[in-house]
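A closer look at the structure
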Number of protein chains: 2
Amino acid sequence: MKQKKQTACIRVFANEKQLNSCKRRMEELRDPLGSVASALNLAGNEVRLKMLFLLKEEGELCPCDLSDILSMSVPAVSQHLRKLKDGDLVTTKKIAQTVFYALTPESEILLQPHFDFFTNQTVKSAL
Amino acid sequence: MKQKKQTACIRVFANEKQLNSCKRRMEELRDPLGSVASALNLAGNEVRLKMLFLLKEEGELCPCDLSDILSMSVPAVSQHLRKLKDGDLVTTKKIAQTVFYALTPESEILLQPHFDFFTNQTVKSAL
DNA sequence: GGGGTATTTAAGCATTTGCTTAAATACTTA
DNA sequence: TAAGTATTTAAGCAAATGCTTAAATACCCC
């Protein structure tokens, strides 16, 4: 709630000094927060979250397996995997012409609570 | 790696039965996984993650405070808040013409590990 | 070398996203 | 009632996204 241009909200940010302090805090967090946002953005696409989950469950999968499971075209799968790889959520291992994708350790840590959440949901609904 | 139309990957999904079993599992998880994806998608936008974090830190804030802190226009802030509210990540309380936004308990649980991650990052880099 | 397989990349398209400006809505006060 | 304040909504625009089809790249085998 703005009173005047010189002061901000009565309730929370009563003066400019407090506002600037808060801004500085956000500036300090800019890079780490940005990298979390980036990872969440990647995981927040339903197709990609499914892929990440399947990679967690199976350990590693190739694009054509993911294509079969998810009933999607191979190029579509590949484009999503490319984003995950560029975002450091997955790693690749090539054997002949087959590429296997797997979660990075970091992405596993980041995503485990969310996988737990929706796998626990299913268990609960079965009870 | 596809061998024939009738069988899938040699390495992981060696037959159609296994593939169908995996597909069924994904279908069971469709709704809970979808709702997690939806929340992550909302949080995965940098502006919105900043808002969610600020709401966690301050407890509640109005659009004009968020506008000041983030140096964004009020309508832009409002549009993001609308998405967060529709996605059940925030709740609203109105006092006169001022609306205060706050995290829902569920979003707090979902996001806390991520907030911890990037606030701990900052602490570590300060040491 | 040719043919086959697996994957990636390119290009095009429709849809979605996030910002801006303007207008509308909801509230308070003189 | 008019003026002021806070917020939401509408509309428009440029950019981004995710899919498709086609082409290119990388590998294997006869």
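Here, every reference points to the structure presented above.
The notes below deal with the structure included here. Note that this is a predicted model, so its numbers are computed, not measured. Here, residues in each chain are numbered from 1, in the same order as that chain's written sequence. Here chains are named by letter from A upward and ligands by number from 1 upward, in the order in which they appear as written. Only residues with pLDDT of 70 or above have their local features reported here, since the model is predicted, and side-chain atom pairs are shown and tallied only from 80 upward, although totals for entire chains, interfaces and linings are computed over all residues. The basis for every side-chain value is the complete set of non-hydrogen atoms in the structure, without hydrogens or water.

This part takes up the overall build of chain A. If you tally the helices and strands in chain A, you get six helices and two strands. Ordered by position from N to C terminus, the α and β elements of chain A give α-α-α-α-α-β-β-α. Here's how the labels work: a residue is buried when its accessible area is under 20% of the maximum for its type, exposed when over 50%, partly exposed in between, all with a 1.4 Å probe on protein chains only. Out of the 127 residues in chain A, the part that is buried amounts to 45%. Residue pairs at least 24 apart in sequence account for 47% of intrachain contacts in chain A once pairs closer than 6 positions are excluded. In these tables, accessible area is a Shrake-Rupley quantity obtained with a 1.4 Å probe, and a residue counts as shielded only by the protein chains included in the view. Accessible surface, chain A as shown: approximately 6900 Å² in total, 49% of it carbon and sulfur. Counting from the N terminus, the helices are the DSSP runs of H or I reaching at least four residues and the strands are the DSSP runs of E reaching at least two. Throughout, a contact is declared for two residues whenever any of their heavy atoms are within 4.5 Å.

Next up on the list: the interface of chain A and chain B. The partner chain B presents 49 residues to the 50 residues of chain A that form the contact. Accessible area, probed at 1.4 Å, shrinks when two parts are joined; the buried area is that loss added up over both. Summed over both partners, the interface of chain A with chain B buries about 4600 Å², with 70% contributed by carbon and sulfur atoms. The term salt bridge refers to a pairing of a side-chain nitrogen on Lys or Arg with a carboxyl oxygen on Asp or Glu at a separation within 4 Å. Scanning the region where chain A abuts chain B turns up two salt bridges. Notably, a salt bridge pairs Arg25 of chain B with Glu57 of chain A, separated by 3.3 Å at the nearest N-O pair. The definition of a polar contact used here is a pair of N or O atoms within 3.5 Å, where within protein one atom must be able to donate a hydrogen and the other to accept one, and adjacent residues in sequence count solely through side-chain atom pairs. Linking chain A with chain B are eight residue pairs in polar contact (both at pLDDT 80 or more), by the criterion used here. Its residues assigned to classes, the side of chain A that touches chain B comprises 28 nonpolar, 11 polar and 11 charged. Charged residues are taken to be Asp, Glu, Lys and Arg, nonpolar residues to be Ala, Val, Leu, Ile, Met, Phe, Trp, Tyr, Cys and Pro, and polar residues to be all remaining types, Gly included.

Here we come to the relation of the copies chain A and chain B. Here the copies are superposed with least squares, the fitted atoms being C-alpha atoms of residues at a pLDDT of at least 70 in both. The transform that puts chain A on chain B rotates by 180° and translates by 0.0 Å along the axis, for an RMSD of 0.0 Å. On this basis, the relationship between the two copies can be described by a two-fold rotation axis.

Keep in mind these numbers describe shape, not what the thing actually does.
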